[in-house]
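Notes for the structure review
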Amino acid sequence: VQLVESGGGLVQPGGSLRLSCAASGFTFSTFDMSWYRQAPGKGRELVASITGAGSSTKYADSVKGRFTIARDNAKTTVLLQMNSLKPEDTATYYCNANRRWGLAERDYWGQGTQVTVSS
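Given the structure is predicted, the values throughout are model-derived calculations rather than measurements.

The next subject is the overall build of the chain. Across its full length, the chain holds zero helices and eleven strands. Of the regular secondary structure in the chain, the N- to C-terminal order runs β-β-β-β-β-β-β-β-β-β-β. Whereas a compact globule of 119 residues would reach a radius of gyration of roughly 14 Å, the chain reaches 14 Å, a difference of no more than 12%. In terms of principal-axis extent, the alpha carbons of the chain reach across some 45 × 30 × 25 Å. Counting the 119 residues in the chain, one finds 39% classified as buried. When contacts within the chain are restricted to residue pairs at least 6 apart in sequence, long-range pairs at least 24 apart make up 54% of them.

With that settled, the discussion passes to the sheet that holds strand β8 (residues 77–82). Across the sheet, four strands lie side by side as β1-β3-β8-β7; this open sheet has antiparallel pairing. Sheet topology places β1 (2–6) and β7 (67–72) at the edges, where each strand pairs with a single neighbour. Ignoring which end each strand starts from, the neighbouring axes of this sheet average 15° apart. Both β7 and β8 contribute to a ladder of six bridges, which runs antiparallel. By the bridge assignment for β8, Ile69 is matched with Leu80.

This brings us to the nonpolar core. Counting residues in each nonpolar core, the largest one holds 28 residues, and the members touching the most others are Met33, Trp35, Val78, Leu80, Met82 and Tyr93. When residues of this core are traced back to their parent elements, those giving at least two are β3 (17–24), β4 (32–38), β5 (45–50), β7, β8, β9 (91–101) and β11 (113–117). In this view, Leu80 contacts Leu17, Arg18, Leu19, Trp35, Val47, Ala48, Phe67, Thr68, Ile69 and Tyr93; residues no more than four positions away in its chain are not counted.

Assignment of secondary structure puts Arg66 in the loop between β6 (57–59) and β7. For Arg66, a relative accessible area of 10% translates into the label buried. There is a polar contact of 2.8 Å between the side chain of Arg66 and the side chain of Asp89.

The next subject is the pairing of β9. Where burial is concerned, most of β9 is hidden: eight out of the eleven residues are buried. Of the strand pairs in this sheet, β4 and β9 are connected by seven bridges, and their pairing is antiparallel. Along β9, the bridge assignment pairs Arg37 with Tyr93. Direction of pairing for β9 relative to β11: antiparallel, over a ladder of three bridges. Bridge assignment links Thr92 to a residue of β11, and that residue is Gln114.

Parameters and conventions
Residues numbered from 1 in each chain as written. Predicted model: local features only at pLDDT ≥ 70, side-chain atom pairs only at ≥ 80, totals over all residues. Heavy atoms only, no water. Helix = DSSP H or I, 4+ residues; strand = E, 2+ residues; numbered from the N terminus. Rg over C-alpha atoms; globule rule 2.2 N^0.38 Å. Buried < 20%, exposed > 50% of the residue type's maximum accessible area, 1.4 Å probe, protein only. Contact = heavy atoms within 4.5 Å. Pairing = 2+ DSSP bridges. Axes fitted to C-alpha atoms, helices over the stretch in contact; angles between N-to-C directions. Core = buried A, V, L, I, M, F, W, Y, C linked by side-chain atoms within 4.5 Å. Polar contact = N/O pair within 3.5 Å; in protein donor to acceptor, adjacent residues only side chain to side chain.

Encoded structure:
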């Protein structure tokens, strides 16, 4: 199983970035996909998630209206479009794949990509 994030970097406040997560090694369309972030000295928080079929999404209140999560099951890729970035969005962003069925669960993580919002 691999989740490989890309697209992070340094951006000025008000700018945009698009993160991408390329997945392999599991049945992508059966997993919910999420983006989490962790800022220095803080816990990991859920940013956005999308169901396997892409029919439902949810967002942290702090990013609603600014970030958009999307997936392409044919390309086994999940994207996070981030607009109107703020300094408080600075964090390491992680891609997550999760599936639960009965009492079983599978949970996979990427290595993270750094996003820095600063002037």
